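Coordinate inspection notes
Take a look at the letters that make up each chain.
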Amino acid sequence: MPGPVTGRQLPSAASVVVVGGGVGGASVAFHLAELGVTDVVLVERAELTSGSTFHSAGLVGQLRADPTLTRMNAYSVELYRRLQQTEHAPGWVECGGIRLASSPERMEEIRRQIGWATAYGLPLHEISPTEAQEMFPLIDTAGVVGGAYLASDGYLDPSQLCYALANLARDKGVQVHPHTRVTSIDTERGRVTRVHTDKGSIDCETVVNCGGMFAAEIARMVGVRLPLVPMSHQYVVTEAFLERGDRPLPTLRDPDLLVYFRQEVDGLVMGGYERQAEPWATDARSYDAIPADFNGRLLPEVWERFEEITANSQVRVPAMADVGLRKVINGPEAFTPDNEFLLGETEVDGFFVAAGFCAHGIAGAGGVGKVMAEWIVSGDPGMDLWHMDVRRFGRQYRSPSYTLVKTLETYETYYDIVYPGQEREAGRPLRTSPAYPWHVEHDASFGEKSGWERVNHYESNAANSPGGDESRRPRGWAGRLWSPAVGVEHAATREAVALFDESSFAKLMVTGPDAASLLEWVCDNRVARGVGDITYTQALNVRGGIESDFTVTRVGDDEFLVVTGTAFGNHDAAWLRRQARRRDAAVRVDDVTGALVTYALWGPHSRDLLRGLTGADLSNAAFPFMTAQEISVADVPVRALRVTFTGELGWELYAPAEYGLGLWTTLWEAGRAHGLVAGGYRAIESLRLEKGYRVWSTDITPETTPYEAGLGFCVKLDKPGGFEGREALVAAKERGLSRRLCCLTLADRGAVALGGEPVRVAGEVQGRVTSGGFGYTVDAPIAYAYLPVDVATAGTEVEVNVFGEWVAGAVCAQPLVDPKGTRTHADG
């Protein structure tokens, strides 16, 4: 297909400049034009497709663990079908896709994925080894346990797709300029204003960085760090050896053997993800330095790294041992540290990114273009893109070495089964609490989030569980990394007192003369109340969806402490700063997470313990729930917040980090007389499930409103001046709810839902699990799911598909424990 040539001079101004002429950039340009935005210029340093697109293997698989990406991939398939019926056909072949299980553990994973697919509306179904061989006769089924098949998967020609999208965009008025290299990008007051190229300059309001493996280099032009690593990815194309059939072979993946296949005319494409991965043009000491003339080129083949993949391919498809190879492809692909895309607007206003496609950009290209275009035009992508949001990475990813080791680990374990509670090991430990040595000494089992070492549980507590409490070990995956210590820590919080190190919680100080008015605009609740008042609130997008969820403590007239989840600090700070710029608010937003420790003391004995260390009056009258005071705990100055995430009486204690270890050991020693137990995040999760406390990114997202989530008590529609998203909430209230977040309990104590499982009511799938776990107080598995309002009532019988088995359950009144809140508000 010939490339789109405009024959026009580079314009001096445009509304949007798309940088990068691969499939991502072409899709963004096409979808902008579809929305009526045609004042768009796409610039490409060489020919279109000359980055990674031209050497992509072209597989299109739809199902992913992330429901949003699954929906995006499904949209891609719809688009490719549509294009195939036009003069701009991308070579779409809807041949179906097989995923094999060569181990019992993999079959468990596949059954879990079938459950996800059911919840997402994809007709993925289980197949036997014999059925797999009937569909793909070349395979040897020795060792194959089973598999899954999705009829709508397929493959295409990536270059044809790119040119098709670019030509369609050009036909609608988009200008496409190949051989136009970006040399710099101007910004003013934190916003992009101009793109300079070797063919001239373009004034613009928006830049979309679709630079693929060059995206990090382009982002550095505006001072933005993108954690991308170009990785060498190899595959082979065989000589012709297949007999033409009525239909092409389905795509085939055998993750246990690390290999994938698809048909290429009368031969096969075969590739995989090797255990000895190799980055390219980067190292631990420097950012990527891709040669300026690396356009439309490949890397030298490295057979040593491909030997395991080659041998495995012959195990599954014996013909690979005898067939000749037509070509070997070794091309660099941009990977991220968590194997998810980089999408969205950066901290520089108007500078968007669509990159880091991790070798599955062809499957996502259609969906990426659609959400990016909507994001640019309306200010909102229309979907929950948290797992792909460019703002999810913290400052530690400015380090080339940290980014590299994380990315290598992700690539080399691409096909590994990741079990619940399983932790990655690369780059650890990095961020630690001052009490970290104490945790290590007391046999803590650590998890990692945003670089922080966080206590999951203390294995030493397991010895205090009666008989090891093995009767509560869940079946299957949920029980693999389970520990009876979690039940002990849970019980201590409910019955006595427990101490938790929450220092990783992200803490933001919002200060300045406009701090109060900004937060009143951003939050749906009233937050600019009295000094010392704490408010639980959401920050909404223009659709009324929950963009953030946090507490706000007023610590001064023009000073507020925002506390949010460990992983969400960068995201929430960027959201607040962007709102401040748009409202021209005189505020500062500073991340003070590392400057302050946070220790939570929760349980019915927490007041008694704390009274022995402070002269402050801790009674309800003097220190009410949801208020904060500055007190002394022993010799340590502390800001104490009377809040809870467990449903028990207690305080979160914030202190300067230099006091951290001393404060922890003081609390520990004083707590011995009160039955104090040190606890971890696994116990907190179990406790919050029983109390119905929501978690952003699972239970509540940018696609859910406070009303749907049961958080309508936070919404103050009568606030003077309104708030972001108010109009959408008013409209939603007038329409009435169509769904509601429900609490479910399951009848089988050993069947624990983990998230993503379909929920069936009267034989029909009506929703999926947002989060789940085991409640030790109620002695039952708990799950949350959005269900239609007509069935979202206590007593409704449900079924949840847990690893292929439909488990009976019921909708329950919320919360399951202490519905009147008497424990949280206990006086004494």
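Definitions and limits used
- Just so you know, the residues in each chain are numbered from 1, in the order the chain's sequence is written.
- Only residues with pLDDT of at least 70 get local features here, since the model is predicted, and only at 80 or more are side-chain atom pairs given and counted; chain-wide, interface and lining totals rely on the full set of residues.
- Computation of side-chain values covers all heavy atoms of the structure but excludes hydrogens and water.
- All axes are obtained by fitting lines to C-alpha atoms, using only the stretch in contact for helices, and the reported angles, taken between N-to-C directions, cover 0 to 180 degrees.
- Secondary structure elements are defined from DSSP: runs of H or I of at least 4 residues count as helices, runs of E of at least 2 residues count as strands, and each element is numbered from the N terminus.
- By definition in this entry, angles of less than 35 degrees are roughly parallel, angles greater than 145 are roughly antiparallel, angles of 65 to 115 are roughly perpendicular, and the rest are oblique.
- Crossing handedness follows the turn of the near helix against the far one: under a right angle anticlockwise gives a left-handed crossing, and clockwise gives a right-handed one.
- Residue contacts follow a heavy-atom distance rule, with two residues in contact if any of their heavy atoms lie within 4.5 Å.
- One bridge is not enough; two strands pair if DSSP finds at least two bridges between them.
- Each reported salt bridge corresponds to a side-chain nitrogen of Lys or Arg within 4 Å of a carboxyl oxygen of Asp or Glu.
- Burial classification: accessible surface area is computed with a 1.4 Å probe over protein chains only, and a residue below 20% of its type maximum counts as buried, one above 50% as exposed, and the rest as partly exposed.
- All amino acids are sorted into three groups, where Ala, Val, Leu, Ile, Met, Phe, Trp, Tyr, Cys and Pro are nonpolar, Asp, Glu, Lys and Arg are charged, and the leftover types, Gly among them, are polar.
- Under the rule applied, a polar contact is a pair of N or O atoms within 3.5 Å (in protein, one hydrogen donor and one hydrogen acceptor; residues adjacent in sequence only if both atoms are side-chain atoms).
- Side-chain rings of Phe, Tyr and Trp, where Trp is taken by its six-membered ring, are said to pair if the distance between their centres is within 6.5 Å; with planes under 30 degrees apart they count as stacked, over 60 as edge-to-face, and otherwise as tilted.
- In this scheme, Lys NZ or Arg CZ marks a charge over a ring once it lies within 6 Å of the ring centre and within 35 degrees of the ring normal.

Where helix α11 (residues 485-495) contacts helix α16 (residues 681-691), the two axes come as close as 8 Å, and the packing angle between them is 55°. With respect to their mutual orientation, α11 and α16 come out oblique. Two packed elements cross with a definite hand, and for α11 against α16 that hand is right-handed. Each of Val 486, Glu 489, His 490, Thr 493 and Arg 494 in α11 lies in contact with α16, whose residues at this interface are Arg 682, Ala 683, Ser 686, Leu 687, Glu 690 and Lys 691.

Moving on: the sheet that holds strand β8 (residues 175-177). With respect to topology, 6 strands assemble into an open sheet ordered β8-β2-β1-β12-β19-β18, the strand pairing being mixed. Two strands bound the open sheet, and with one partner strand each, they are β8 and β18 (342-345). In this sheet, neighbouring strand axes are inclined to one another by 15° on average, regardless of whether the strands run parallel or antiparallel. Sheet topology places strand β12 (residues 206-209) next to strand β19 (residues 351-355); 3 bridges connect them, and they run parallel. Bridge pairing links Val 207 to Phe 351 in β19.

To continue, consider the sheet that holds strand β14 (residues 251-254). Strand pairs in the sheet, formed through backbone hydrogen bonds, run parallel or antiparallel to each other. In space, the 8 strands of this open sheet follow the order β5-β6-β4-β14-β15-β16-β13-β17, with mixed pairing throughout. A strand with exactly one partner marks an edge of an open sheet, and here the two such strands are β5 (125-127) and β17 (325-335). Adjacent strand axes in the sheet meet at a mean angle of 25° when their direction is disregarded. Here 6 bridges tie strand β15 (residues 259-264) to strand β16 (residues 267-272), and the two strands are oriented antiparallel to one another. Paired with Glu 264 across the two strands is Gly 267, which belongs to β16. Where helix α7 (residues 303-316) meets the sheet, its contacts fall on β4 (97-101), β13 (229-238), β14, β15, β16 and β17, and the angle it forms with β16 comes to roughly 125°.

Here the structure, examined in full by the defined rule, presents 51 salt bridges. A salt bridge links Asp 380 to Arg 543; the nearest nitrogen and oxygen atoms lie 2.4 Å apart. With Asp 380 in the loop between α8 (361-378) and α9 (400-412) and Arg 543 in the loop between β24 (534-540) and β25 (546-556), the pair connects residues that are 163 residues apart, well separated along the chain. When its relative accessible area of 5% is taken as the criterion, Asp 380 is described as buried.

Two elements in contact, helix α2 (residues 67-84) and α8, have axes whose closest approach is 7 Å; the angle formed by their N-to-C orientations is 95°. One element, α2, and the other, α8, form an angle in the roughly perpendicular class. In this structure, α2 uses Met 72, Asn 73, Tyr 75, Ser 76, Leu 79 and Tyr 80 to contact α8, whose residues at the interface are Ile 362, Ala 363, Gly 364, Ala 365, Gly 366, Gly 367, Val 368, Lys 370 and Val 371. In the contact of α2 with α8, the residues fall into 9 nonpolar, 5 polar and 1 charged.

Burial along β12 is two-sided: the residues Thr 206 and Val 208 and Val 207 and Asn 209 are all buried. Here 4 bridges tie strand β1 (residues 16-19) to β12, and the two strands are oriented parallel to one another. In the sheet register, Val 17 faces β12, and the bridge partner there is Val 207.

Before going further, it helps to examine the side chain of Thr 197. Considering the arrangement of structural elements, one finds Thr 197 in strand β10 (residues 191-197). Looking at Thr 197, its side chain comes within polar contact range of the main-chain nitrogen of Lys 199, at 2.9 Å. Within polar-contact distance, the side chain of Thr 197 engages the backbone oxygen of Gly 200 at 2.7 Å. In contact with Thr 197, other than residues within four places in its own chain, are Leu 10, Thr 180, Arg 181, Val 182 and Thr 183.

As a further point, take the packing of aromatic side chains. This structure, assessed with the given rule, holds 29 aromatic pairs. Between Trp 303 and Phe 306, the aromatic rings sit 5.8 Å apart at their centres with planes inclined by 65°, giving edge-to-face as the arrangement. Of the two residues, Trp 303 and Phe 306 are both situated in helix α7; the distance of 3 residues between them amounts to about one turn of the helix. According to the relative accessible area criterion, Trp 303 is partly exposed, its value standing at 31%. Its relative accessible area of 2% is what places Phe 306 among the buried residues. With a centroid separation of 5.2 Å and an interplanar angle of 75°, the aromatic rings of Tyr 414 and Tyr 415 are classed as edge-to-face. In this structure Tyr 415 comes out as buried when scored by relative accessible area, which is 6%. Among the aromatic side chains, those forming a connected cluster through ring pairs are Tyr 260, Tyr 273, Phe 335, Tyr 411, Tyr 414 and Tyr 415. Here the guanidinium or amino end of Arg 480 rests over the ring plane of Tyr 419, the centre of that ring lying 4.1 Å away. In this structure, Arg 760 packs its charged tip against the face of Trp 806, placed 3.8 Å from the ring centre.

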